[in-house]
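Each chain, letter by letter, is given below.
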Amino acid sequence: MTLKALFAASATAALLLALPANAAELTVGFSQIGSESGWRAAETSVSKQEATKRKVNLKIADAQQKQENQIKAIRSFIAQNVDAIFLAPVVSTGWDAVLKEAKEAKIPVVLLDRDIDPSGKDLYLTAVTSDSVHEGAVAGDWLAKTVGDKACNIVELQGTVGASVAANRKKGFDTAIAKHANLKIVRSQTGDFTRAKGKEVMESFIKAEGGGKNICAVYAHNDDMMVGAIQAMKEAGLKPGKDILTVSIDAVPDIFKAMVAGEANATVELTPNMAGPAFDAVAAFKEKGTVPPKWIQTESRLLTATDNPQKEYDSKKGLGY
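Note that the coordinates shown come from a computational prediction; the quantities given were computed from them, not determined experimentally.

*Asks:* Teacher, can you tell me more about the overall build of the protein here?
*Replies:* A count of helical and extended segments in the protein gives eleven helices and twelve strands. Looking at the protein as a whole, 51% of its 321 residues qualify as buried. Counting only contacts in the protein whose residues sit at least 6 apart along the sequence, the fraction spanning at least 24 positions is 75%. When the accessible surface of the protein is split by element, carbon and sulfur atoms take 53% of a total near 14400 Å². Considering the protein, the positive charge centre built from 39 side chains and the negative charge centre built from 38 side chains are found 2 Å apart.

Dropping the structure here:
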């Protein structure tokens, strides 16, 4: 090596040693619920894209909808001494012990999409979520405005029992329709956020309600359950979106396909990009000690058949749904 080259290499090495730690050096473990819905798959896909954009080493553990798998993953991340842990909690309770372990290891935890029981709020750095109570209220307000003074029997497909998002989406919807005596939930059952279960439960609702004749509208806590419900309605000889109104939450591509076909009426968007704001919060905390607000709220939009569903489908179809 020439003397000039040696000096250049030494200078480069010195410069690299002087560079501050940044997001490009972060390793983050993500305990993901699983892939129970198209939205969840998109969240995972977008999280990977956001990590690549920031040069973050993202390690994803799929819990297959089981809390015990999430707890094992978090303990594995702690043992690996990652820089931060992202958690999309499958249920809202039962996290205190493992999150205390993360805190003792000085590893910040960020909740994505879902919150946990308030007693654990001092155990995580921040939660990046939508306002799921607001989402339910938007769905209820749309239905009330759409049916007007007409008597309307509603069947409800709830999300996973014990999940904060399911409880909140129900709370918001119930509060909105309580203002209207003509709106009434006549049947409500969990569809566990899946298409298959949504279809199964809707089939039972149709049988119990005069072949669907006594049902005015379906409210589903997510679009995947609604896609299953739409299939059940079609197989029963009903016209979803016409005979029975539909309103659900998430804004996954397939609900826009249903809108284009005239089989779905409305959805409330839940952005799949929870990881982007979470990475930014962790980087600022690690680099500058900046403590983020306890809740970073994402935007929600009501989208209906009048909002160019084909365009919405085209914009989302490549996101991993």
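*Asks:* So what exactly am I meant to see when it comes to the state of the cysteines here?
*Replies:* Here the structure, examined in full by the defined rule, presents one disulfide. The disulfide partner of cysteine 152 is cysteine 216, and the gap between their sulfur atoms is 2.1 Å. Because the torsion about its S-S bond is -90°, the bridge between cysteine 152 and cysteine 216 counts as left-handed. In this pair, cysteine 152 sits in strand S6 (residues 152–158) while cysteine 216 sits in the loop between helix H7 (195–208) and strand S8 (217–220), placing the two residues 64 residues apart along the sequence. Pair check on accessibility: cysteine 152 and cysteine 216 agree, each one buried.

*Asks:* Looking at this structure, I do not really get the packing of aromatic side chains. What am I missing?
*Replies:* Enumeration over the complete set of coordinates arrives at three aromatic pairs. Taking the centre distance of 5.0 Å and the plane angle of 50° together, the rings of phenylalanine 86 and phenylalanine 279 count as tilted. One end of the pair, phenylalanine 86, is in strand S3 (residues 84–87); the other, phenylalanine 279, is in helix H10 (residues 275–288), and 193 residues separate them in sequence. Side by side, phenylalanine 86 and phenylalanine 279 carry an identical accessibility label, which is buried. These aromatic residues form a ring-pair network of at least three members: Phe30, Phe86 and Phe279. Directly above the ring of tyrosine 124 sits lysine 294, whose terminal nitrogen or CZ lies 4.7 Å from the centroid.

*Asks:* Explain the environment of alanine 41 here, please?
*Replies:* Tracing the backbone shows alanine 41 in helix H2 (residues 38–54). Along the sequence, alanine 41 and tyrosine 321 sit 280 residues apart, while their C-alpha atoms lie 5.4 Å from each other.

*Asks:* What am I meant to see in the sheet that holds strand S9 (residues 245–250) here?
*Replies:* Whenever strands of a sheet pair, they do so through backbone hydrogen bonds, lying parallel or antiparallel. The sheet built from six strands is open, its strands ordered S7-S6-S8-S9-S10-S12 with mixed pairing. Single-partner strands in this sheet number two, and they are strand S7 (183–190) and strand S12 (302–304). Averaged over all pairs of adjacent strands, the angle between strand axes in this sheet comes to 20°, irrespective of strand direction. Sheet analysis places S6 next to S8, joined by four bridges and oriented parallel. By the bridge assignment for S8, leucine 157 is matched with alanine 220. Where helix H8 (residues 223–235) meets the sheet, its contacts fall on S6, S8, S9 and strand S10 (266–269), and the angle it forms with S9 comes to roughly 155°.

*Asks:* Please explain the nonpolar core as it appears in this structure.
*Replies:* Across soluble globular proteins, nonpolar side chains have a tendency to be buried as a group. Core analysis: the largest hydrophobic core is formed by 54 residues, its most contacted members being Phe86, Met202 and Met233. Residues from two domains meet in this core; each of domain 1 (25–130 + 272–290) and domain 2 (132–270 + 305–319) gives at least three. If we skip the residues at most four places from it in the chain, methionine 233 touches Met202, Ile206, Val218, Leu238, Pro240, Ile244 and Thr246. Ile71, Ile78, Leu111 and Ala127 belong to the second largest nonpolar core, which has 20 residues in total.

*Asks:* So what exactly am I meant to see when it comes to H10 here?
*Replies:* Since the α-helix turns once every 3.6 residues, residues separated by three or four places project in the same direction. Between its first and last C-alpha atoms H10 spans 20 Å; for 14 residues at 1.5 Å apiece the expected length is 20 Å, and the two agree. Downstream of H10 by one or two residues, glycine 289 has phi in the positive range, about 75°.

*Asks:* Would you explain the pattern of salt bridges in this entry?
*Replies:* Where charged atoms from two side chains of opposite charge come close, those side chains can pair. Under the definition given, this model contains 23 salt bridges. Between arginine 54 and glutamate 50 there is a salt bridge, and its shortest N-O distance comes to 2.4 Å. Separated by four residues within a single helix, arginine 54 and glutamate 50 lie in helix H2, roughly one turn from each other. There is no split in this pair, since arginine 54 and glutamate 50 are both buried. Where glutamate 135 meets arginine 169, a salt bridge forms, and the shortest distance between an N and an O atom there is 2.8 Å. You can see glutamate 135 sitting in helix H5 (residues 132–147) and its partner arginine 169 sitting in helix H6 (residues 164–177), a full 34 residues away along the chain. Through salt bridges with shared partners, a single network forms among Arg40, Glu43, Asp113 and Arg114.

Analysis parameters
Residues numbered from 1 in each chain as written. Predicted model: local features only at pLDDT ≥ 70, side-chain atom pairs only at ≥ 80, totals over all residues. Heavy atoms only, no water. Helix = DSSP H or I, 4+ residues; strand = E, 2+ residues; numbered from the N terminus. Buried < 20%, exposed > 50% of the residue type's maximum accessible area, 1.4 Å probe, protein only. Contact = heavy atoms within 4.5 Å. Areas by Shrake-Rupley, 256 points an atom, 1.4 Å probe, with all protein chains shown as cover. Lys, Arg positive; Asp, Glu negative; His and termini not counted. Charge placed at Lys NZ, Arg CZ, Asp CG, Glu CD. Disulfide = S-S within 2.5 Å. Phe/Tyr/Trp six-rings, centres within 6.5 Å; stacked < 30°, edge-to-face > 60°. Lys NZ or Arg CZ within 6 Å of the ring centre and 35° of its normal. Pairing = 2+ DSSP bridges. Axes fitted to C-alpha atoms, helices over the stretch in contact; angles between N-to-C directions. Core = buried A, V, L, I, M, F, W, Y, C linked by side-chain atoms within 4.5 Å. Domains from an automatic or database assignment. Expected span 1.5 Å × (residues − 1). Salt bridge = Lys/Arg side-chain N within 4 Å of Asp/Glu carboxyl O.

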